[in-house]
Amino acid sequence: MPEFCFIRIMIDILLLIAGLALILVGANYLVDGASAIAKKAGLSDFIIGMTIVGIGTSTPEMVVSFASAIKGNADIAVGNVLGSNIFNTLMILGCTALFSPIALTSNNIKKDIPFALLASFVLCTIGSSIWLDGTTVNTISRVNGIMLLCLFGVFMAYTIYSSTSAAPETNMDSVDGNSSSGSKKATPVWLAAVMVLGGLCGLVFGGDMFVNSASAIARRLGVSDAVIAVTIMAGGTSLPELASCLVAAFKNKTDQALGNVIGSNVSNIFLILGGSATIHPLVMNGTKPLDLITLMLSSVLMFLFAFTFKKKQIDRIEGALLICIYVAFVVLTLKSL
């Protein structure tokens, strides 16, 4: 029996490594393909990050939350989104800024980050109905779900409008970029689309393989389900975002990394929770005040960092601070179990 257990753990470790490899390869193809499409369509890397990359890398959260809603398991549906958004802002944005400082534009500060702040505020308000309205339980009803989906529609309309209005300026930038890059050939649109789809498939399947194998290893080593949910589920479904952001930072495309985090966070709340609640009302029994406070704090900090230290930039010091806050959140969460 011990020998069989050891063999199973070794198999799970190999699957874990294979899943991680798929995630890294998928992220690389996704970033390259999305950037090629952005140049061809005259869109900025930030807009592509908020749409194709941001929504695409949220697919694992969407699968988990929708499946949980269908099965009536609201705690996993809500907890998955809460944990993922906290991980996205504190850990992913922190790691990206630590690797390469993230420059912020005026639109980021005035429109994009406030949209992410609005999404967090809406979820925190719904999740505080016990204290605000005196209800017996916090619930995301079908009406709330439809409202969240409508807000997602507004977000997408704004994103498309922004990309259209910014197209002339972006085209000028791409012309300059092409002239400076010399003989570097542009990637054909069809190949870029294949790269994006292939990258997304790698991220989704790799993330699923990683989460399943990591959970199996944890259980075989006697780690509780509660610890698995706090660590592996929250971080595991956000591995596509982490991989694509780090690869984007490595390729000096930090604006795409920022767009990915904002697009993913907004999609998680408005699209995924909205769709989940429309499928089945979500009772937020497992949601704790610490989760909501940390979610709101992370969004506020993302906005405030535009005005601290080096203005209009999330620098390495601020990135390290975000990571420290996430570590503190995990420690406090584990202590409360």
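A quick note: this is a predicted structure, and the numbers were derived from the prediction, not measured. (Residues numbered from 1 in each chain as written. Predicted model: local features only at pLDDT ≥ 70, side-chain atom pairs only at ≥ 80, totals over all residues. Heavy atoms only, no water.)

Mind showing me how you'd approach the overall build of the protein here?
When helices and strands are tallied, the protein shows 14 helices and four strands. Taken over 337 residues, the protein has a buried fraction of 50%. For the protein, long-range pairs separated by at least 24 residues make up 83% of all intrachain contacts whose partners lie at least 6 apart in sequence. Surface exposure of the protein reaches about 15400 Å², of which carbon and sulfur atoms provide 71%. (Helix = DSSP H or I, 4+ residues; strand = E, 2+ residues; numbered from the N terminus. Buried < 20%, exposed > 50% of the residue type's maximum accessible area, 1.4 Å probe, protein only. Contact = heavy atoms within 4.5 Å. Areas by Shrake-Rupley, 256 points an atom, 1.4 Å probe, with all protein chains shown as cover.)

What is the right way to look at the packing of aromatic side chains in this model?
What characterises a pair of aromatic rings is the spacing of the ring centres plus the angle enclosed by the ring planes. For the structure on display, the rule yields seven aromatic pairs. Aromatic side chains F115 and Y158 sit 5.9 Å apart centroid to centroid with 20° between the ring planes, which places their arrangement in the stacked category. Of the two residues, F115 sits in helix α5 (residues 106–126) while Y158 sits in helix α7 (residues 142–165), which places them 43 residues apart along the sequence. Neither F115 nor Y158 differs from the other in exposure class; each is buried. Ring geometry for Y326 and F329: centres 6.2 Å apart, planes at 45°, overall tilted. Note that Y326 and F329 are positioned in helix α14 (residues 316–335) at a spacing of three residues, about one turn of the helix. Here Y326 matches F329 in class, with each residue buried. Grouped by ring-pair contacts, the aromatic residues F115, F152, F155, Y158 and F270 constitute a single cluster. (Phe/Tyr/Trp six-rings, centres within 6.5 Å; stacked < 30°, edge-to-face > 60°.)

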